[in-house]
Amino acid sequence: MVEPPRLPLVLLPTPVHPLPRLSRELGIDLWIKRDDLTGLALGGNKGRKLEYLMADALLKGCDTIVTCGSLQSNFVRQLGACCAMHQIACHAVVMPLPYNDAPILAAGDVPHEGGNVILDRWLGVELHRVPDAPWDALFAQAEALADDLEAAGRKVYRIPVGGSSWLGAYAFYQAGLELAKQGEFHTVVCPTSSGSTHGGLAAAAGHGGFRVLGVMCDPEPEFAQDLIELMAVVDRNSGLGAGLGPEDFVLRFDCVGQGYGVPSDEGQEAIARLARTEGIFLDPIYSAKAFAGLLKFAQEGLLSGRTVFWHTGGTPALFATATDQT
Ligand SMILES: *Cc1c(COP(=O)(O)O)cnc(C)c1O
């Protein structure tokens, strides 16, 4: 095993605690892992990944980081904070609603402005706004920007969407080990989108004695294959040897609603339910949809034993609005 260098940035271990009222209502033993409380720039799951990504960028002597994502990206916000702390220029190519096959024609207003965009401005992130297009076009535009900055003499570190390089997944392998030290859990439910959260946790599942159920917030039929490939890179680079295959990834595709980045009715109900029973806020794009998935798993009788919901943060998106009120 090769332990990649890590820059301490977040408050670990994050708390894990029971949800007594909701457990009673649902008739299950439900706990929550509070990665919304990682501390860095209002918290969220991306802080864990950034501990490894920033260590790598600093070791390589980079003065500029280029990434991409949606306009309300939580990764861009947390990366922006790290870059500001280390005087690295932070560039992000962003689209309001990147998509897979066809543009998402959401009924009603979709909250794009405010929220994370306000926080990005406080942090000095350079947002390069481009019109909606497929994810691959977003990645290509980020690559073109990185090339331009290099041609202008900058030393650029490229980070894929959501921080889902092998280092991001390695961070979540460590997070899974952290959970295993905090108690015995039978099932972990998490949102999944760019994949390194779910992938890393699945790699730790064997050690932790738990299984991972992922709820897709950006459903792509080929996604399990992407996760297998990502985790093979972790195995290769770290010597982890998890050797994950299709049987290691359980994905739920029916909780996204109208599409990635568009709040769903079930998700909005899940936000109200958790807030009103336990005083905890979810975010509308990821954790709310995953929690709606958890409620379905519970209804279907799939959650025997102790279940933990992995709260990945994202709460600034609760303050996003359809039109610019900043
Ligand atoms: C990025 C993000 C996720 C998804 O994590 P991935 O590692 O990209 O799959 C889930 N929840 C929140 C709040 C996020 O910001």
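Everything below is about the structure printed above this text.
By convention here, each chain's residues receive numbers from 1 onward along its written sequence. Residue-level local features of this predicted model are given only where pLDDT is at least 70; pairs of side-chain atoms are given and counted only at 80 or more, and the full residue set underlies all totals for whole chains, interfaces and linings. Only hydrogens and water are removed before side-chain values are computed, so all heavy atoms of the structure are retained for them.

Student: An account of the overall build of the protein is needed here, citing residue identities and associated values.
Tutor: The way it works is that DSSP assigns letters per residue, a run of H or I at least four long becomes a helix, a run of E at least two long becomes a strand, and they are numbered from the N terminus. A count of helical and extended segments in the protein gives 10 helices and 12 strands. Between buried and exposed lies partly exposed: a residue is buried under 20% and exposed over 50% of the maximum accessible area for its type, with that area taken using a 1.4 Å probe on protein chains only. Looking at the protein residue by residue over its 326 residues, the buried ones come to 58%. Restricting the contact set of the protein to residue pairs at least 6 apart, pairs at least 24 apart contribute 80%. Of the roughly 13100 Å² of accessible surface on the protein, 54% is carried by carbon and sulfur atoms. Residues scored as charged are limited to Lys and Arg (positive) and Asp and Glu (negative), so that His and the chain ends carry no count. Here the site of a charge means NZ on Lys, CZ on Arg, CG on Asp, or CD on Glu. If the 24 positive side-chain charges of the protein are averaged to one point and the 37 negative ones to another, these points end up 7 Å apart. What makes two residues a contact is simply this: any of their non-hydrogen atoms within 4.5 Å. Working definition of accessibility: Shrake-Rupley area with a 1.4 Å probe, residue cover restricted to the visible protein chains.

Student: Lay out the environment of S304 in plain terms, naming residues and giving numbers.
Tutor: For S304, the position within the fold is in the loop between α10 (287–299) and β11 (306–311). Under the relative-accessibility criterion, S304 is labelled partly exposed at 46%. Distance in space between the C-alpha atoms of S304 and V215 is 18 Å, their sequence separation being 89 residues. Apart from the residues lying within four places of it in its own chain, the contact partners of S304 are H186 and T187.

Student: Lay out the site of the ligand in plain terms, naming residues and giving numbers.
Tutor: Nearness here has a simple test: a residue counts as near a molecule or strand if at least one of its heavy atoms is within 4 Å of that partner. Contacts to the ligand come from 16 residues, most closely from K46, K49, S194, T197 and T312. Side-chain atoms alone can form a polar contact between residues adjacent in sequence; in general such a contact is a pair of N or O atoms within 3.5 Å, and within protein one must be able to donate a hydrogen while the other accepts it. Take T197: an N or O atom from its side chain is 2.7 Å from an oxygen atom of the ligand. Relative to its unbound accessible surface of 380 Å², the ligand loses 98% to contact with the protein. Of all the secondary structure elements, the ones that give two or more residues to the shell around the ligand are α2 (46–59), β8 (187–192) and α7 (196–208). Any residue outside Ala, Val, Leu, Ile, Met, Phe, Trp, Tyr, Cys, Pro, Asp, Glu, Lys and Arg is labelled polar, Gly included; the first ten of those are nonpolar and the last four are charged. Of the residues belonging to the shell around the ligand, the class tally is 2 nonpolar, 11 polar and 3 charged.

Student: Mind laying out the pattern of salt bridges, listing which residues take part and the relevant values?
Tutor: When a carboxyl oxygen of Asp or Glu lies within 4 Å of a side-chain nitrogen of Lys or Arg, that pair is called a salt bridge. Under the definition given, this model contains 18 salt bridges. The salt bridge partner of D29 is R306, with a shortest N-O separation of 2.8 Å. You can see D29 sitting in strand β2 (residues 29–34) and its partner R306 sitting in strand β11, a full 277 residues away along the chain. D29 gets classed as partly exposed once you look at its relative accessible area, which sits at 30%. A residue is classified by how much of its surface remains accessible, and R306, at 32% relative accessible area, is partly exposed. One connected set of salt bridges, linked through shared partners, spans R252, D254, E266, K296 and E300.

Student: Before we move on, can you summarise the packing of aromatic side chains with the specific residues and values?
Tutor: In this scheme Phe, Tyr and Trp rings, the latter by its six-membered ring, pair at centre separations within 6.5 Å, and the angle between planes marks the pair as stacked below 30 degrees, edge-to-face above 60, and tilted otherwise. Taken as a whole and assessed by the stated rule, the structure comprises 9 aromatic pairs. Relative to W310, the ring of F172 has its centre 6.1 Å away and its plane inclined at 65°; by these criteria the two rings are edge-to-face. Residue F172 is located in helix α6 (residues 166–182), and its partner W310 is located in strand β11; the two are separated by 138 residues in the primary sequence. We note that F172, like W310, is buried.

Student: Can you lay out the nonpolar core for me, pointing to particular residues and giving the numbers?
Tutor: Buried residues of nine kinds, namely Ala, Val, Leu, Ile, Met, Phe, Trp, Tyr and Cys, make up a nonpolar core once their side-chain atoms join them within 4.5 Å. Membership of the largest hydrophobic core comes to 60 residues, with the highest contact counts inside it found for L50, M54, I65 and L79. Of the residues forming this core, the biggest block, 8 residues, is contributed by α6. Setting aside anything within four residues of it in sequence, one finds M54 in contact with L7, L9, I65, L79, C82, C83, H86 and I88. By size, the runner-up hydrophobic cluster in this structure holds 24 residues, among which are L22, L30, V215 and A290.

Student: Mind laying out the side chain of D35, listing which residues take part and the relevant values?
Tutor: With respect to the element layout, D35 can be found in the loop between β2 and α2. If near-sequence neighbours (up to four positions away) are discounted, D35 is found in contact with T14, G43, G44, N45, R48, F172, W310, H311 and T312.

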